[in-house]
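Working through the structure, step by step
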Amino acid sequence: MRAADLTPVARDVMKRPAGLGFIFASFVGAYLLCAMPWSGWLLLARPDFVLLALMFWTLHEPRMIGQGAAFALGLLMDVGDSMLLGEHALEYVLAVYLAQVFRVRILTFRLPEQTLHLAGILTLSSFVLVLLNLVLGADFPGFAFLLSPLFTALLWAPATWLLYHPSVRRRRSESPS
Amino acid sequence: MYEPLPFFHRGPSPLARLTFFALVAIALMIADHRFGALETVRLSLSVLAQPAQRAASLPGEMFGRMTDYFTNQDRLLRENQELKVKLLEQSAAAQQSKLLVKEQELLLNMAPGKSRYTSDGMIAEVLYNARNPFVRKIVIGRGLTQGVRPGMPVIDGSGVVGQVTTVGTFTSEVTLLTEKGQAVPVMLVRNGLRAIASGSGKEGALEVPFMPVSADIQNGDQFVTSGIDGTYPPGLGVAQVTSVEKNAAFVFARIVAKPAAGVDNNRYVMVLPTPIAAPPAPAAKADERNKRERINPKGSRREGR
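So, how was this worked out
Residues numbered from 1 in each chain as written. Chains lettered and ligands numbered in written order. Predicted model: local features only at pLDDT ≥ 70, side-chain atom pairs only at ≥ 80, totals over all residues. Helix = DSSP H or I, 4+ residues; strand = E, 2+ residues; numbered from the N terminus. Buried ≥ 20, exposed ≤ 12 C-beta atoms within 10 Å, placed from the backbone. Contact = placed C-beta atoms within 7 Å. Core = buried A, V, L, I, M, F, W, Y, C linked by C-beta atoms within 7 Å. Arc of directions from axis to C-beta. Pairing = 2+ DSSP bridges. Expected span 1.5 Å × (residues − 1). Axes fitted to C-alpha atoms, helices over the stretch in contact; angles between N-to-C directions. Parallel < 35°, antiparallel > 145°, perpendicular 65-115°, else oblique. Left-handed = near helix turned anticlockwise from the far one by under 90°. pLDDT = per-residue confidence, 0-100. Nonpolar A, V, L, I, M, F, W, Y, C, P; charged D, E, K, R; others polar.

Turning our attention to the overall build of chain A. When you go through chain A residue by residue, the secondary structure sums to 10 helices and zero strands. Starting at the N terminus, the α and β elements of chain A follow one another as α-α-α-α-α-α-α-α-α-α. Looking at chain A residue by residue over its 177 residues, the buried ones come to 43%. For chain A, restricting intrachain contacts to residue pairs at least 6 apart in sequence, the fraction spanning at least 24 positions comes to 66%.

Written out as structure tokens, the structure is:
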């Protein structure tokens with residue numbers, strides 16, 4: 001029961017913005033992780049690190065990262081993963097849209113609940129990717145494809161620790177109190 | 001639902017943006033799939049992605065080399081029980097030379113394929129499997145700048161691996177024989193019977209559809225390329241028949257073959273130039289053929305099952 005809770009809905013409204021360089025570096029790192037030579041079963045289960053970074057920055061830096069960035073990164077992933085241009089772009093844009101819509105809601109929760117929300121959004125967007133490929137005549141890859149969004153969502157907590165807390169820690173160490 | 005406050009309003013609403021980007025993405029997909037119109041975009045993006053790609057595959061390569069190293073060591077230890085102590089002392093040098101000899105053997109194996117044709121191919125290193133669970137492709141380390149063009153056949157020491165389908169600046173994608181719908185015109189070595197082998201989408205299996213039940217095909221028969229398509233030079237090994245199912249209830253026999261080449265496990269492959277085009281077909285017959293193709297432009301691959 002939190003009847004007298006006067007904390008603002010989004011707890012991080014006064015957070016200092018993350019540097020553009022840091023955001024860029026996180027995307028480069030995520031792309032490198034995705035570009036490792038995954039194959040076979042592991043490829044189906046590969047967490048989508050780029051999408052994870054996108055979701056993080058959509059939720060925490062909505063003024064800098066949005067659907068435009070999602071589209072551009074999606075195209076880059078399409079080239080890297082030898083898919084049709086636009087497949088990943090569509091997936092990412094949809095995921096980022098859902099994150100934008102539910103942003104305030106998601107940020108009121110703590111990490112476990114956030115992970116659940118993420119799992120839902122990511123599963124939905126990966127369904128789009130599979131559906132697209134089925135329409136294009138590919139065989140159903142098996143339900144292992146559900147592992148990828150699941151693993152991506154499970155990485156939400158480590159990603160938050162990695163991407164969010166450096167700036168918070170820095171701010172705490174800088175603040176006089 | 002998310003609704004920005006009016007005094008913080010920034011551009012179009014998320015839903016409008018989603019609609020816009022989704023439409024653009026779908027338009028891109030159609031342009032790429034139906035018309036192949038975006039090769040320049042893909043090329044320029046691949047230049048961007050290339051350095052990252054290289055950097056990312058480094059740890060994997062090193063790991064691969066490490067595993068190679070250790071498996072070779074295992075075998076040597078078994079073979080040379082009495083020299084165990086000595087081997088352990090000198091194992092590093094021994095392993096490396098083993099690896100080199102193996103690689104040289106691989107390259108030499110490819111040479112006969114080279115001598116069979118007028119112009120020679122180029123040897124390319126297999127960089128990685130395409131990271132797309134829906135297709136069977138590998139990426140090789142030769143691209144546009146080295147003269148690779150779409151459509152070129154790719155072989156290894158024992159047969160056809162696949163065909164170059166997408167070319168980047170320094171890398172190219174090779175669609176493997178086993179990719180669903182990837183067809184190769186073949187010929188039976190034993191009796192010259194011509195057929196078309198197509199990928200099954202499963203690892204290590206090709207199908208030979210539309211062969212009548214009466215066709216003379218037996219288990220263990222070898223298929224080589226027939227060369228009538230003008231893409232693959234004739235005589236390259238393609239597959240060995242592993243199962244022939246003749247059921248009188250169906251019009252066609254169900255024939256499954258195993259690719260001759262190590263489609264999934266090569267370190268080096270050879271890209272062959274597309275052979276010189278055959279003389280054009282006689283005009284009247286070409287017309288007839290066009291007409292027939294118009295009636296059934298693609299054919300249906302999966303009937304008679």
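A few words on the overall build of chain B. Regarding its fold elements, chain B presents four helices and 13 strands. Across chain B, contacts joining residues at least 24 apart in sequence account for 57% of those joining residues at least 6 apart.

Turning to the nonpolar core, a few remarks are in order. Ranked by size, the top nonpolar core spans 53 residues in total, and within it Val50, Ala53, Leu54, Met55, Tyr92, Val93 and Ala95 of chain A carry the most contacts. When contributions to this core are tallied by element, the ones reaching two or more residues are helix 1 (20-35), helix 3 (49-60), helix 4 (67-80), helix 5 (87-101), helix 7 (111-135) and helix 9 (156-163) of chain A together with helix 1 (14-35) and helix 2 (39-79) of chain B. One finds Ile155, Leu206, Phe223 and Val238 of chain B within the second-largest nonpolar core, a separate group that totals 45 residues.

The next point concerns helix 9 of chain A. All names here are of chain A. Within helix 9, burial applies to Trp156, Ala159 and Leu163. Angularly, the buried residues of helix 9 cover 60° about the axis, an arc narrow enough to put them on a single face. Pointing more than 90 degrees away from the buried face of helix 9 are the exposed residues Pro158 and Trp161.

Our next topic: the pairing of strand 7 (residues 194-199) of chain B. Residues and elements named next belong to chain B. The pairing of strand 6 (residues 183-188) with strand 7 spans five bridges and is antiparallel. In the sheet register, Val186 faces strand 7, and the bridge partner there is Ala195. Connecting strand 6 to the antiparallel partner strand 7 that follows it, the hairpin turn spans five residues, and Gly192 within it adopts a positive phi of roughly 75°. Between strand 7 and strand 8 (residues 206-207), which pair antiparallel in sequence order, lie six residues; one of them, Gly201, sits at a positive phi of approximately 85°.

Residues and elements named next belong to chain A. The terminal C-alpha atoms of helix 3, which comprises 12 residues, lie 16 Å apart, in line with the 16 Å expected from a rise of 1.5 Å per residue. In terms of residue burial, helix 3 counts as a mostly covered element, since 12 of its 12 residues are buried. Where helix 3 is concerned, the buried positions are Phe49, Val50, Leu51, Leu52, Ala53, Leu54, Met55, Phe56, Trp57, Thr58, Leu59 and His60.

Quick look at the interface of chain B and chain A now. In this assembly, 39 residues from chain B lie in contact with 37 residues from chain A. When contributions to the side of chain B that touches chain A are tallied by element, the ones reaching two or more residues are helix 1, helix 2 and strand 1 (122-129) of chain B. For the side of chain B that touches chain A, the leading source of residues is helix 2 of chain B, giving 13 residues.

Take the packing of helix 4 of chain A against helix 5 of chain A next. The angle between the axes and the distance between the axes are what describe a pair of packed helices. Residue and element names in this part refer to chain A. Packing of helix 4 against helix 5 brings their axes to within 7 Å, and their N-to-C directions diverge by 150°. Between helix 4 and helix 5, the crossing angle belongs to the class labelled roughly antiparallel. Every pair of crossing elements has a handedness; the one defined by helix 4 and helix 5 is right-handed. Packed against helix 4, whose contacting residues are Gln67, Ala70, Phe71, Leu73, Gly74, Leu75, Met77 and Asp78, the element helix 5 presents Glu87, His88, Ala89, Glu91, Tyr92, Val93, Val96 and Tyr97 at the interface.

A word on the confidence of the model for chain A. Confidence in the prediction of chain A, expressed as mean pLDDT, is 84, and 84% of residues score 70 or more. Predicted confidence in chain A is weakest over helix 10 (residues 165-174) of chain A, with a mean pLDDT of 61, and strongest over helix 5 of chain A, with 94.

Residues and elements named next belong to chain B. Residues with a pLDDT of 70 or more make up 75% of chain B, whose mean pLDDT is 78. Contacts from residues 113-118, a stretch scored under 50 in pLDDT, to residues over four places away or in other chains number eight contacts. Ignoring residues within four places in sequence, the model shows residues 296-305, a span with pLDDT below 50, making seven contacts including any to other chains. Reported confidence for the predicted complex is 0.82 by ipTM and 0.73 by pTM.

Let us now look at the packing of helix 5 of chain A against helix 1 of chain B. For the pair helix 5 of chain A and helix 1 of chain B, the least separation of the axes is 9 Å and the interaxial angle reads 170°. The orientation of helix 5 of chain A relative to helix 1 of chain B falls into the category roughly antiparallel. When helix 5 of chain A is examined against helix 1 of chain B, the residues Glu87, Ala89, Leu90, Val93, Leu94, Tyr97, Gln100 and Val101 of chain A are found in contact with a partner set consisting of Pro14, Leu18, Phe21, Ala22, Ala25, Ile26 and Met29 of chain B. Taken together, the residues that form the contact of helix 5 of chain A with helix 1 of chain B break down as 13 nonpolar, one polar and one charged.

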